[in-house]
Amino acid sequence: MYKRILLKISGELLCDESGPVSVAALKKTAQDIGRLSKNGMEIGLVIGGGNIMRGRNAGALDRVRMDNMGMLATAINALAMQEALNREGIESVVMSAVDMNRFCDSYSARAAREQLSCGKVVIFACGTGCPFFSTDTAAALRAAEINADALLLAKSVDAVYNKDPKLHPDAVRYEKISYEQVIAENLQATDLTAITFCKEHGIKIKVFALSGILDAVSGAKIGTLIE
């Protein structure tokens, strides 16, 4: 069992037919996070913005502007998750890499570690605060800064495969894999910047489906461990 984790949730997992931010998905995720927090786990949380806006899907539009819009999308998701946690009786704080003091606190690693030590869930918004970096990379960076035991990536797939399992029924699922193999084979576990950063700093990565949050932190054999 980990003591302190950085949990990254893909924004797409928070939407359904009701809209880009699903109350039901927020509630279920907040309940899972709440159970972990009440059991003494210290949780840092990064939520992607793909349910609202993705910078890398800019197409003919300006990438920097689109990435800025994507950062704002993560702030919307962070505030929504904070409200969902509050409704479950879980104290939390949103910290943004981009100053927006009317909505949330500005990020600092020291303040984040202090809040985690006090038992609050810390939700990190606006990625790294810079364009061209994914929220997976931001999650890896925050994991290092808060001294997390592991980076947990809740994805739309349940593990790392050698190819897209949605398109290839014969895709091979990995239970454990090295950073080097992910990089060499360009596997789509997460972006290579995040993988390289975690390799350099010795941060273990667990990739799994959102429904497996509780199992992922308990040591159950689900998803894929990258180390």
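Residues numbered from 1 in each chain as written. Predicted model: local features only at pLDDT ≥ 70, side-chain atom pairs only at ≥ 80, totals over all residues. Heavy atoms only, no water.

Per the secondary structure count, the protein includes 7 helices and 11 strands. Radius of gyration (C-alpha) of the protein: 16 Å, near the 17 Å computed for a compact globule of 227 residues. Contacts spanning at least 24 positions in sequence make up 69% of the contacts within the protein whose residues lie at least 6 apart. Accessible surface, the protein as shown: approximately 10900 Å² in total, 51% of it carbon and sulfur. (Helix = DSSP H or I, 4+ residues; strand = E, 2+ residues; numbered from the N terminus. Rg over C-alpha atoms; globule rule 2.2 N^0.38 Å. Contact = heavy atoms within 4.5 Å. Areas by Shrake-Rupley, 256 points an atom, 1.4 Å probe, with all protein chains shown as cover.)

In this structure the tally under the stated criterion is 13 salt bridges. The salt bridge partner of K3 is E42, with a shortest N-O separation of 3.9 Å. Of the two residues, K3 sits in the segment before β1 (4-9) while E42 sits in strand β2 (residues 42-47), which places them 39 residues apart along the sequence. Judged by its relative accessible area of 48%, K3 falls in the partly exposed class. In the salt-bridge network here, residues are joined through shared partners; they are K3, R4 and E42. (Salt bridge = Lys/Arg side-chain N within 4 Å of Asp/Glu carboxyl O. Buried < 20%, exposed > 50% of the residue type's maximum accessible area, 1.4 Å probe, protein only.)

Taken as a whole, the second largest pocket spans an internal volume of roughly 240 Å³. In terms of lining residues, the second largest pocket is bounded by 13 residues, among which Y2, K206, G219, A220 and L225 are the most central. Here the lining of the second largest pocket gets 3 residues from one element, more than from any other, and that element is helix α7 (residues 213-218). (1 Å grid on protein atoms, 1.4 Å probe; cavity = no way out; pocket = protein on both sides within 12 Å on 5 of 7 lines; lining within 4 Å. Points joined across faces, edges and corners; volume = space filled by probe spheres on them.)

With that out of the way, let us pick up the pairing of strand β10 (residues 204-209). The side chains of a regular strand alternate between the sheet's two faces. In the sheet, strand β6 (residues 150-155) pairs with β10 via 6 bridges, with the strands oriented parallel. Bridged to A154 within β10 is F208. Taken together, the 3 bridges between β10 and strand β11 (residues 224-226) define a ladder with antiparallel strand orientation. Residue pairing across strands places K206 opposite L225, the latter belonging to β11. (Pairing = 2+ DSSP bridges.)

The subject of this paragraph is the side chain of S37. Structurally, S37 can be placed in helix α1 (residues 23-38). Dropping the residues within four chain positions of it, S37 is found in contact with I43, I90, G119 and V121.

Contact geometry of α1 with helix α2 (residues 63-87) gives a least axis separation of 9 Å together with a crossing angle of 60°. Between α1 and α2 lies a crossing of right-handed hand. Counting all contacts with α1, which are made through L26, T29, A30 and I33, the residues of α2 involved are A80, M81, A84 and L85. For the contact of α1 with α2, the residue count by class is 7 nonpolar, 1 polar and no charged. (Axes fitted to C-alpha atoms, helices over the stretch in contact; angles between N-to-C directions. Left-handed = near helix turned anticlockwise from the far one by under 90°. Nonpolar A, V, L, I, M, F, W, Y, C, P; charged D, E, K, R; others polar.)

The subject of this paragraph is the packing of aromatic side chains. Ring pairs (aromatic) are described by centroid distance and by the angle formed between their planes. Per the stated rule, a full pass over the model turns up 1 aromatic pair. Ring geometry for Y107 and F124: centres 5.6 Å apart, planes at 75°, overall edge-to-face. Highlighted residues: Y107 in the loop between β4 (105-106) and α3 (109-117) and F124 in strand β5 (residues 121-125), separated in sequence by 17 residues. Since its relative accessible area comes to 19%, Y107 is described here as buried. The ring of Y107 is capped by R142, whose NZ or CZ atom sits 3.8 Å from the centre of that ring. (Phe/Tyr/Trp six-rings, centres within 6.5 Å; stacked < 30°, edge-to-face > 60°. Lys NZ or Arg CZ within 6 Å of the ring centre and 35° of its normal.)

To continue, consider the nonpolar core. Counting residues in hydrophobic clusters, the biggest one holds 36 residues, and the most contacted among them are L7, L45, M81, L85 and I123. For this core, the secondary structure elements donating two or more residues are β1, α1, β2, α2, β5, β6 and α7. Among the elements that line this core, the one with the most residues is α2, at 7 residues. Sequence-distant contacts of L85, that is, excluding residues within four places in its chain, are made with A30, I33, I90, S92, V121 and I123. Counting 31 residues, the second largest nonpolar core, distinct from the first, contains F124, A140, I146 and V182. (Core = buried A, V, L, I, M, F, W, Y, C linked by side-chain atoms within 4.5 Å.)

So far we have only geometry, and geometry alone does not tell us how the molecule works.
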